[in-house]
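Observations on the model geometry
These are the residues of each chain, in order.
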Amino acid sequence: VNCASLSAERIFEDHENLVENLLNWTRDSQNRLMFTERIEKYALFKNPQNYLLGRKETCEMAERNKEALLEECFGGSSVSVPEMEGVLWLKEDGKKSWKKRYFLLRASGIYYVPKGKAKTSRDLVCFLQLDHVTVYLGHDYKSKYKAPTDYCMVLKHPQIQKKSQYIKYLCCDDIRTLQQWINSIRIAKYGKQLYINFQEAMRRTEAAYDWSSLSSSSIKSGSSSSSLPESQSNHSSQSDSGVSELASSGHTRTQSVVSSIFSDAWRRGTQGERLKVKGRMVVPLCAGGGGGSGG
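Residues numbered from 1 in each chain as written. Predicted model: local features only at pLDDT ≥ 70, side-chain atom pairs only at ≥ 80, totals over all residues. Heavy atoms only, no water.

Per an unreviewed UniProt entry, the recorded name for the protein chain is Ras-associated and pleckstrin y domains-containing protein 1, and the organism is Ameca splendens.

In structure tokens:
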């Protein structure tokens, strides 16, 4: 979803109710829903070592170790929230100036260390709680708000659609730090539900592949149905790959198979015997289906 007036956007989570979110928009809102492939949505679960271990650099990990890491974080009764911390830029309220603060993410919210204080729990100040805010990705804030870098995130309630003192703007030094903070905030806010969403998405993708394979083997036509075209996107510029790549390819295959089934059925029906009944022609469409009539 793109929040036009704030130059911010976010990905809807699979468990969210779309209508409930749209009710937050005003009648004259210029917000938009965009149906696009976003590999970063599931990157957290495809390469958890880049988000759950607190490392600033990307690294490789064996698949069995990835599964163990995900199970450790999401498998228990409570989710282990990554303890993200570091220096971020904070936009001052009502101004275009930014100041550095040392922020820490905890399960209860985001905190910062006051100037001249240590990183002990008794000195931390609560910046905001995550119960009623959602994290957005800011666009072009370097020119719009004089941000130090282009890697900005916005924390606000979904009902806030215009500039407000209740919106918090944070800026990171690089894209890796921004991705880590956004995904860590998602974990702190939604917990195990994120992992359930990913598992269900994987099941849907596998079902689409199974259905495609079954359908392609049942189609008897002059064209070769065993080699269906695959849809592949080039994401070489991205640091992680998500299940959306798999899902996109699976949906493309499914659509191709469905199209072939109906085109073949239509061809067989129109080439079949046409019966004239009282001046009307009945054209069989497909096996098990209804018949159509024309004048």
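Regarding the pattern of salt bridges
Tallied over the full model, the rule gives 11 salt bridges. Notably, a salt bridge pairs Glu-40 with Arg-38, separated by 2.7 Å at the nearest N-O pair. For Glu-40, a relative accessible area of 28% corresponds to the partly exposed category. On the basis of relative accessible area, Arg-38 is assigned to the partly exposed category, the value being 23%. Close ionic contact of Glu-63 with Lys-66 constitutes a salt bridge, the shortest N to O distance being 3.2 Å. A residue pair is termed a helical-turn pair when its members lie 3 or 4 positions apart in one helix, as Glu-63 and Lys-66 do in helix α3 (residues 63-74) at three residues. Overall, the relative accessible area of 8% leaves Lys-66 in the buried class. One continuous salt-bridge network, built from bridges that share partners, spans Glu-9, Arg-38 and Glu-40. (Salt bridge = Lys/Arg side-chain N within 4 Å of Asp/Glu carboxyl O. Buried < 20%, exposed > 50% of the residue type's maximum accessible area, 1.4 Å probe, protein only. Helix = DSSP H or I, 4+ residues; strand = E, 2+ residues; numbered from the N terminus.)

Examining the pairing of strand β9 (residues 168-172)
Look at any regular strand and the pattern is simple: side chains alternate between the two faces of the sheet. Burial analysis of β9 places five of its five residues in the buried class, the great majority of the element. Burial of the side chains of β9 extends over both faces: Lys-168, Leu-170 and Cys-172 are buried on one face and Tyr-169 and Cys-171 on the other. Here two bridges tie strand β3 (residues 85-91) to β9, and the two strands are oriented antiparallel to one another. Following the sheet pairing, Leu-90 is matched in β9 by Leu-170. Of the strand pairs in this sheet, strand β8 (residues 151-156) and β9 are connected by five bridges, and their pairing is antiparallel. By the bridge assignment for β9, Val-154 is matched with Tyr-169. (Pairing = 2+ DSSP bridges.)

So, the UniProt feature "domain: Ras-associating" (unreviewed entry) in the protein chain
Per the UniProt entry, the sites bearing "domain: Ras-associating" (unreviewed entry) are residues 1-40 in this numbering. As a span, residues 1-40 carries 12% helix and 10% strand, and end to end its C-alpha atoms are 15 Å apart. (UniProt positions renumbered as here; feature names shortened; annotations may be inferred.)

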